[in-house]
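Understanding the architecture of this molecule
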Amino acid sequence: MTDKLIGKVAVITGGTSGIGLASVKLFVAEGAKVVVGDISDDLGAALEAEYNGEVKFVHADVTSESDIEGLVTAAVETYGKLDVFYNNAAAPGDTSLMIDMTAAGFDRTLALIARSVLLGHKYAAKQFQKQGTGGAIVTTASAASLQAGWSAGGYTIAKHAVVGIIRESVIELSALGIRSNAIAPGLIMTPAMASAFGIPQEQSPEFLKVLAKHLDVTQPIGRVGQPEDIAEAAVFLASDSSSFITGVVLPVDGGATAVTQSPFGPAGAQAVAAFAAGER
């Protein structure tokens, strides 16, 4: 480890599994004290016990404004300050097609994916301003915040809204010494990915190994991502190494969003073969 976060205090939402858990572990390894906000109490308690004194678990539902505010309060009361707020918690939300989406379903999706990020910015920025220290806000966006077709419509729309929050933060928060950046993961092998395929949690690790073998060849870089890939990016954006970076949505996707990946690829290859065989 390089002690990139030595002396820093961070809040990480959704920190008991997947990208969040990998980030908690790496933040601690890099020297940070971490307040983990999540709704999985048993996993949170185990994490706090494993990292005694370095991790504080707080039950937090990010659709609740008071819970988000409470995470900042817990960081200050437990560790004396706040340096980093990492908006990571999310879920698919309403997966209905747009033509079937209800107002209530869309509102729930926005509250979970986008409003939570806005409120994370709000309460982190208030604390940074109170301290007079500035700070870093990191957010897990998605490849679905850059392109359609990666997930359900509601999720895609909400993740696009997250990008708007990051960019508006440059206008409103930069003068306070507050940086805000996001990470746009591509195909990352997490328990949530297994759940999306209907795989029971206890079978998730083995399934993800099989899934990765099948998906590796579809990625420009030749492999799918792991939670640790996103955690590394989060550490960089949380650290002073990125002190001149703000308003960025960083794809961590093995190059997937840099190229067009659509059904015409295989069809084009078939056309070449047919032409070579004499078709006119």
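Residues numbered from 1 in each chain as written. Predicted model: local features only at pLDDT ≥ 70, side-chain atom pairs only at ≥ 80, totals over all residues. Heavy atoms only, no water.

1. What to know about the overall build of the chain
Heads up, the rule is: For the purposes of this entry, the term helix denotes a DSSP run of H or I that reaches at least four residues, the term strand denotes a run of E that reaches at least two, and both are numbered from the N terminus. Both definitions apply: the radius of gyration is a C-alpha atom measure, and the globule rule equals 2.2 Å times residues to the power 0.38. Every residue pair with non-hydrogen atoms within 4.5 Å of one another is taken to be in contact.
What the chain contains, in helices and strands, is nine helices and seven strands. Computed over the C-alpha atoms, the radius of gyration of the chain is 20 Å, within 12% of the 19 Å expected from 2.2 N^0.38 for a compact globule of 280 residues. With respect to the three principal axes, the spread of C-alpha positions in the chain is 75 × 40 × 40 Å. Here the contacts in the chain between residues at least 6 apart in sequence split such that 68% fall between residues at least 24 apart.

2. Here's the deal with the pairing of strand β3 (residues 55-59)
The criterion, for reference: When DSSP finds two or more bridges between a pair of strands, those strands are recorded as paired. A clockwise path from the first strand over the helix to the second, with the strands pointing away from the viewer, defines a right-handed crossover.
As defined by bridge partners, strand β2 (residues 33-38) adjoins β3 across five bridges and the pair is classed as parallel. Bridge pairing in β3 links Val-36 to Phe-57. For the crossover from β2 across helix α2 (residues 41-50) to β3, the handedness is right-handed.

3. So, the sheet that holds strand β4 (residues 84-87)
Just so we agree on the cut-off: Fitted lines through C-alpha atoms serve as axes, helices being fitted only where they are in contact, and the angles separating the N-to-C directions of these axes extend from 0 to 180 degrees.
In space, the seven strands of this open sheet follow the order β3-β2-β1-β4-β5-β6-β7, with parallel pairing throughout. Two strands in the sheet have a free side with no partner beyond their single neighbour: β3 and β7 (249-252). This sheet shows a mean twist of 20 degrees between the axes of neighbouring strands, independent of strand direction. Against the sheet, helix α1 (residues 18-29) engages β1 (9-13), β2, β3, β4, β5 (135-140) and β6 (178-185), with an angle of about 170 degrees to β1.

4. Here we look at the environment of Leu-43
Let me state the cut-off plainly: When accessible area is computed with a 1.4 Å probe and restricted to protein chains, residues below 20% of their type maximum are described as buried, those above 50% as exposed, and intermediate ones as partly exposed.
You can see Leu-43 is positioned in helix α2. Leu-43 gets classed as partly exposed once you look at its relative accessible area, which sits at 42%. Sequence separation between Leu-43 and Phe-27 is 16 residues, and the spatial gap between their C-alpha atoms is 18 Å.

5. A closer look at the pattern of salt bridges
So the rule is basically this: Any Lys or Arg side-chain nitrogen found within 4 Å of a carboxyl oxygen on Asp or Glu counts as a salt bridge.
Per the stated rule, a full pass over the model turns up five salt bridges. Where Lys-8 meets Asp-240, a salt bridge forms, and the shortest distance between an N and an O atom there is 3.3 Å. With Lys-8 in the segment before β1 and Asp-240 in the loop between α8 (227-238) and β7, this pair connects stretches of sequence that are 232 residues apart. One salt bridge connects Lys-81 with Asp-83, and the closest N-O pair in it is separated by 3.2 Å. You can call Lys-81 partly exposed: its relative accessible area is 30%. The class for Asp-83 is buried, based on a relative accessible area of 13%.

6. Overview of the layout of surface pockets
Note the threshold: Whether a set of points on the 1 Å grid over the protein atoms alone is a cavity depends on a 1.4 Å probe fitting there but being unable to get out, while an open set qualifies as a pocket with protein on both sides within 12 Å along at least five of seven lines; lining residues are those with an atom within 4 Å of a point. Grid points are joined across faces, edges and corners, and a volume is the space filled by probe spheres set on the points.
Quantified by volume, the second largest pocket comes out at close to 170 Å³. Lining the second largest pocket we find 13 residues, and of these Lys-8, Asp-83, Gly-135, Ala-136 and Asp-240 sit closest to its centre.

7. Looking at helix α3 (residues 65-79)
Since the α-helix packs 3.6 residues into each turn, any two residues three or four apart lie on the same face. This is how the line gets drawn: Here a helix's expected span is defined as the number of its residues, less one, multiplied by 1.5 Å.
Helix length check: α3, at 15 residues, gives a terminal C-alpha distance of 22 Å against a target of 21 Å (1.5 Å per residue), a fit within 8%. Directly after α3, the chain includes Gly-80, whose backbone phi takes a positive value near 90 degrees.

8. Looking at the environment of Gly-20
Tracing the backbone shows Gly-20 in helix α1. Given a relative accessible area of 0%, Gly-20 falls into the buried group. Placed 40 residues apart in sequence, Gly-20 and Ala-60 show a C-alpha to C-alpha distance of 14 Å. In contact with Gly-20, other than residues within four places in its own chain, are Ile-12, Gly-14, Gly-15 and Asn-88.

9. Quick look at the environment of Ala-258
Note that Ala-258 resides in the loop between β7 and α9 (264-276). With 212 residues separating them along the chain, Ala-258 and Ala-46 place their C-alpha atoms 39 Å apart.

10. What about α1?
The terminal C-alpha atoms of α1, which comprises 12 residues, lie 17 Å apart, in line with the 16 Å expected from a rise of 1.5 Å per residue. With nine of 12 residues buried, α1 lies mostly within the body of the structure.

11. Notes on the nonpolar core
We apply this condition: For our purposes a nonpolar core is just a set of buried Ala, Val, Leu, Ile, Met, Phe, Trp, Tyr and Cys residues, chained together by side-chain atoms within 4.5 Å.
By size, the foremost hydrophobic cluster in this structure holds 37 residues, and its most contacted members are Val-11, Val-35, Leu-82, Phe-85 and Val-162. Elements with a contribution of two residues or more to this core: β1, α3, α4 (103-131), α5 (153-173) and β6. Sort the elements by how many residues they give to this core and α4 lands first, with nine residues. Leu-47, Ile-188, Ala-234 and Ala-238 belong to the second largest nonpolar core, which has 30 residues in total.

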